[in-house]
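An overview of the molecular structure
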Amino acid sequence: MKKLFYLVSLCALTAMPFTFTSCSDDNDPVTPAKGVSNLSFTDTDKALNKIGGTLTWALPEPETNIDDYVIYLGGTATEKKTKVGETPKGTKSYEIPAGTDLQAFLIVVPRNVAGESMNMAVVSVTDNVGLPIVTNPSFADTDRKPGQIAGTLLWSIPADDAQAITGYVIYAGDSNDDEGTKIGEAAAGATSFEIPEGTVYKAYLRIVTLSAYGESSFSLAVEDAKGGFYILNSGNWNENNASLSYYDYATGELSTEVYKKANGKGLGDGAEQILIYGSKMYITVPGSNRLAVLDRDAKEIKSIAPAGEPVNPRCMVADNGKVYVSYYYAHSVVMLDTASLEIEKEVKVGRYPEQLAISNGKIYVANSGGLDYADGYGKTVSVIDQGTFTVDKEIEVIINPTQLKADSQGDIYVISMGNYGDIKNTLQRIDGQSNEVTVLYNATSMTLVNDELYTLFGQWGESKITFKKYNTLTEELISDNFIQDADVISPNNSPVLAVNPVTKQLLILEAPYGATSSLYLFTPGGTLEGKAIDTGGYASKWIAFDYE
Amino acid sequence: MEDETCMPYLLFYMKGLWPCIFLFSAVYSVAQQRDSITYRELSNVEVVEKVRPSVLREGAPIQFLNQTAFRRLGLQDLSEAIKRFSGVTVKDYGGIGGLKTVSVRSLGAQHTAVSYDGVTITDAQSGQVDISRFTLDNVETVSLSIGQADGIFQTARMYASAGALSITTQTPRFDRKDYVLEGQLKAGSFGMLNPSLRFERKLGKVYAASLHADWLRADGQYPYTFTNGDIVTREKRKNTDIQSLRTELNLFAAWGKRGDLRLKGYWFDSHRGLPGSVILYNDYHKERLRNRNGFVQGVYGNRFSSRLTFKAQGKFDYSRVRYQDFHSKYPDGQQTDVYTQREYYASAALLYTPINNVFFSIAKDAFINTLDATVPKCLFPERFTSLTALALQYKDSRLTATASLLGTFITEAVETGEAAADRKRLSPALSVSYRVWSEQNLRIRASYKDIFRVPTFNDLYYNRIGNKDLDPEKATQYNLGLTWSGAFPAIRLNYLTLTVDGYYNRVDDKIVALPTLFIWKMMNMGKVDIKGIDANLSARFALPSGMFVQTGGSYTWQDAADKTDKDSKIYNHQLPYTPVHTATAFVSWENPWVNVSWLMTAIGARYSLPQNIEANLIKGYVEQQLSFGHVFTFKQSSLRLQAEALNLGDVTYDVIRYYPMPGRSFRGSIHYIF
């Protein structure tokens, strides 16, 4: 026993010089006296309750009696609860691996063979959660009216952030950093938000993500869908080539055969009018004796084609969930319910009825008597009560009335084609209250936008087309040449006038002999924009803006 | 806003563009080849009529088919014969009785004159002759001349067109008996039945008479395949029935020195349904048409001396067309329009040969056309036309040179309002045909003709559409060609003929219907440049045992470009319904058992509307026909049996878009001559 003791002592003595530093004159082994300083740590692991990152410190001067440093995590400043790792002397940093469980303090302790120093450097740990923020936001404007947006704002949330989020607030602003106006809110867990119909267009939508850790913001640039318009091409007589074209304002491109591409068959022979109402589009194709009901992408929902003798559905007007259609050959007007798509009622009117207009609970229809031209044409406008659906009265106008428009005051404007001879195409007004008829001036085609009546007069045989603009509220002429550049269009080519209800752009369709029709665009001031555009169809005669 | 183009019947007459409703049952739709060789071969055996055109010799292109060819090739009606010619376009609306018009070298059907035994058939209302009602039963020859034919001893009216289709009927031949009695029964697909009778009788030494009567009926409800985008369906033609009766009486007098006379009385009456064009999603067609046409014509000729011959003609023509449509939209539930036309015609011509090889002719025609119609605002127009033609010709075995001048004067009157202004015009024509070497049968020919057509009554006076200020439509024709014939007995090739013609036509002030959105209007709007090549080949091989094989074909290349308005989208586009390539071919084998003929017509792609875009393109097609026939000869009579299979390949095709033609069909006939 004694021998063993002496042997061990001898070994210890000989080993000791290799373990002791030279600074202390104390021959007993002691733990390091000094510790590190300027301990610093930044959590880069954004996960909740997890930390990771570089722990740095300044070394003690001199670094005597130290073998290495040990790093601990603890719940208090002195609790060395979890050992994280160790690093040899001379190093000033240590990588805390990501995913390390969060504890309140990081402790660095120098150590030597005698043990760990009493001198503990401590730094408190702040868990960096990183504010949750949405990714992949997207928005497609479905409101085709320029200056308005609507649709679904979509986004994704990284899985890690999900539980921290408490909600969202949506704003619309003019620039990337504009705070903007609040549109609405979404609950935590939502990945979409419905931008309501009619929201005013702003350049950016901003999604603010709310969480326990604060708010984050992500701005998304918004493109305003400017929509476009459909052009209905009547086609040539008995050539079965009625078709639909679409002009897209965003691309400035015109696509042709829209109906055929959507449905794999022809639209029919001799189309007359297109009406966009609610979620559907209605096209009358009298040559094919049918009324085609389509969705807004031109896919056919139903073809309303009465059996038996052709009725020749011709013109339409919509109001309050019903579409009223004139049947040219059947000399009647029918009421179509837009939900059930069934014809509910029919009322007999004058001969060969054409266009309709609604005012003050009454439906006005022009009885052209067109195919009775041998007997001198028709000359009345029938007035149908919307409730009882019976004819109240007939108002006498100039012969061969075909077109009707109602203004917001309840007056009805009528264009009578006359006899293509001495009685020319003429515009008249029926007073909505007294039913008195006033003859205004010559006009061949008209369109009413925001209480302004735009007309063109281009009767076959005239040397050029003339234009007039009329204020239907004050009942005064505003302009008699609101388009200056239309001399390229001949009256012999059946010109049709349309006006964009939002931008007030002016449009004229022209159907020259033997060729597909042309579309001319004019600025609201009446100057020609660009060149004539080929509509891709024959006898183009009706334009419907897809935000009507 | 728009007025329905509610006058479908009118539109039938619309110049070329919007033809419409004459459409019915079809059994016959194929075209055949003309055959000049056969004619020559038989000229030694049979007596035929006096004036025979020579396809090789004339200064302007002429094509010819006779009865032997009709029978051999199995041709049933006039349109089938014409489809065998090159340089013509037949606008066929389908079926027996469907409207068929003939346009020569894309000039338009109003530029083609049709003559029946020397007297022109007219329709002053539409300017077009519907050839669907002419069968070939009693027809002897059909010839088509383009430009001015060399036969200068013609009525002045035959000078007045760019192209002339001449039909001559059978003259009686009494071999052994004083009479000939023929009975024929034809039957075919789609309910076609057509019995006919012919009786010819010699009345003494000087007089003879012939009577022909035939009755035709058919349902015409043939099936066809229709494609609408991705949807392909099988449909049936409806409202296509036809019933017609035709009788013709001819009286012949041969007075020797006092000349000879041929009198003809003709009556035609038909009822038919108008199936109309196929309209998507709408197959309501109830239109009916009744045609009644009767005329009396006489031709008197006298050869005063060896140098002077005289010919006079007179005709009275009455035509009544009743169009009906049934629909409750009309005030009485139906619309009835009756159009009555009358023509009074007289012509006198002299042929004078001052010296050998030189011929001079002068012809004067005067005629009155009237139109009564029950349509609104009919102006009851009356037109008086006076034509004078002078022609000078030099003709020897190598050279034929002809110059002619036509003077036209037209004046019109209407009941109310103003009539069109009087018209006066001079129209020259020149042609030359020269045999280059006396040994070789090769000829070069060149011709020029300046001609016009007056606007029709519809063009001028139809309510709201007519335009009385229309100018006549002018056509200038140039032709340069070669004809050659030869034989190669070594390979049993008895005859071989070849004709090739290059041509250029220019049309000015073309009358077109401008379809505006509201109403249509007739205008002098067009200029057209037409270039083309017509080539014809026919050959005949002799085989042992008296058999022979006859074959031939034609090819036409045509470029008919619109030259109206440089800024228009249709400038330089091919005219509608004018194929660039057309070809026909036939092979006939005559043998003692059953004669067999195979016919083919190939029409290239064409456009249905003036604009040459994909949407308007109608694909080309090839149609074939097979016919079989045999004649049994007895002591005093003969029996001919004939059968045809039309559209062998059952090809789905339209000549005019949306007027589908029948698929495969059959017909047969039994003809007994006693």
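Residues numbered from 1 in each chain as written. Chains lettered and ligands numbered in written order. Predicted model: local features only at pLDDT ≥ 70, side-chain atom pairs only at ≥ 80, totals over all residues. Heavy atoms only, no water.

With that out of the way, let us pick up the interface of chain B and chain A. Of the residues lining the interface, 54 residues belong to chain B; the matching set on chain A comes to 58 residues. Taken together, both faces of the contact between chain B and chain A bury some 4,900 Å²; the carbon and sulfur share is 58%. Where chain B meets chain A, there are one salt bridge. Summed over the shared surface of chain B and chain A, the result is 21 residue pairs in polar contact (both at pLDDT 80 or more). Looking at the side of chain B that touches chain A, the elements with two or more residues in it are helix H1 (8–13), strand S24 (493–515) and strand S25 (520–542) of chain B. The class makeup of the residues in the side of chain B that touches chain A is 33 nonpolar, twelve polar and nine charged. (Contact = heavy atoms within 4.5 Å. Buried area = accessible area lost by both parts, 1.4 Å probe. Salt bridge = Lys/Arg side-chain N within 4 Å of Asp/Glu carboxyl O. Polar contact = N/O pair within 3.5 Å; in protein donor to acceptor, adjacent residues only side chain to side chain. Helix = DSSP H or I, 4+ residues; strand = E, 2+ residues; numbered from the N terminus. Nonpolar A, V, L, I, M, F, W, Y, C, P; charged D, E, K, R; others polar.)

Residue and element names in this part refer to chain A. Across all of its chains, the model carries 55 salt bridges over all chains by this definition. Taking the shortest distance from any N to any O, the salt bridge between lysine 541 and glutamate 272 comes out at 3.1 Å. Placement of lysine 541 in strand S43 (residues 540–545) and of glutamate 272 in the loop between helix H2 (258–263) and strand S19 (273–277) is noted, with a sequence separation of 269 residues between them. For the pair formed by lysine 541 and glutamate 272, the shared burial category is buried. (Buried < 20%, exposed > 50% of the residue type's maximum accessible area, 1.4 Å probe, protein only.)

Here we come to the domain arrangement of chain A. By a frequent convention, interface size equals the accessible area lost on bringing the separate parts together. For chain A, the assigned domains are domain 1 (12–124), domain 2 (135–221) and domain 3 (306–442). Taking the mean C-alpha position of each, domain 2 of chain A and domain 3 of chain A sit 48 Å from one another. (Domains from an automatic or database assignment.)

Before going further, it helps to examine the pairing of strand S3 (residues 68–74) of chain A. Residues and elements named next belong to chain A. Of all seven residues in S3, seven are buried; the element is thus mostly enclosed. Side-chain alternation along S3 places Asp68, Val70, Tyr72 and Gly74 on one buried face and Tyr69, Ile71 and Leu73 on a second face that is also buried. Where S3 meets strand S6 (residues 105–112), seven bridges bridge the pair, whose relative direction is antiparallel. Bridge pairing in S6 places tyrosine 72 opposite isoleucine 107. For S3 and strand S4 (residues 82–88), the ladder comprises six bridges, and the chain directions are antiparallel. The partner of tyrosine 69 across the bridge, within S4, is threonine 87. (Pairing = 2+ DSSP bridges.)

All names here are of chain A. Spatial strand order, S23-S24-S25-S26: four strands in an open sheet with antiparallel pairing. Sheet topology places strand S23 (313–319) and strand S26 (343–348) at the edges, where each strand pairs with a single neighbour. Pairs of neighbouring strands in the sheet enclose a mean axial angle of 20°, with direction left out of account. Sheet topology note: the strand S25 (residues 332–337)/S26 ladder contains five bridges and is antiparallel. Across the sheet, residue leucine 336 finds its bridge partner in S26, namely isoleucine 343. (Axes fitted to C-alpha atoms, helices over the stretch in contact; angles between N-to-C directions.)

What follows deals with the sheet that holds strand S18 (residues 253–255) of chain A. All names here are of chain A. Strand order in this open sheet of four strands is S18-S17-S16-S43, and the pairing throughout is antiparallel. Two strands close off the open sheet at either side, each with one partner strand: S18 and S43. Shown here is a sheet whose adjacent strand axes are inclined to one another by a mean of 25°, direction ignored. Sheet topology places strand S16 (residues 228–233) next to S43; five bridges connect them, and they run antiparallel. When the bridges of S43 are listed, phenylalanine 229 appears paired with phenylalanine 545.

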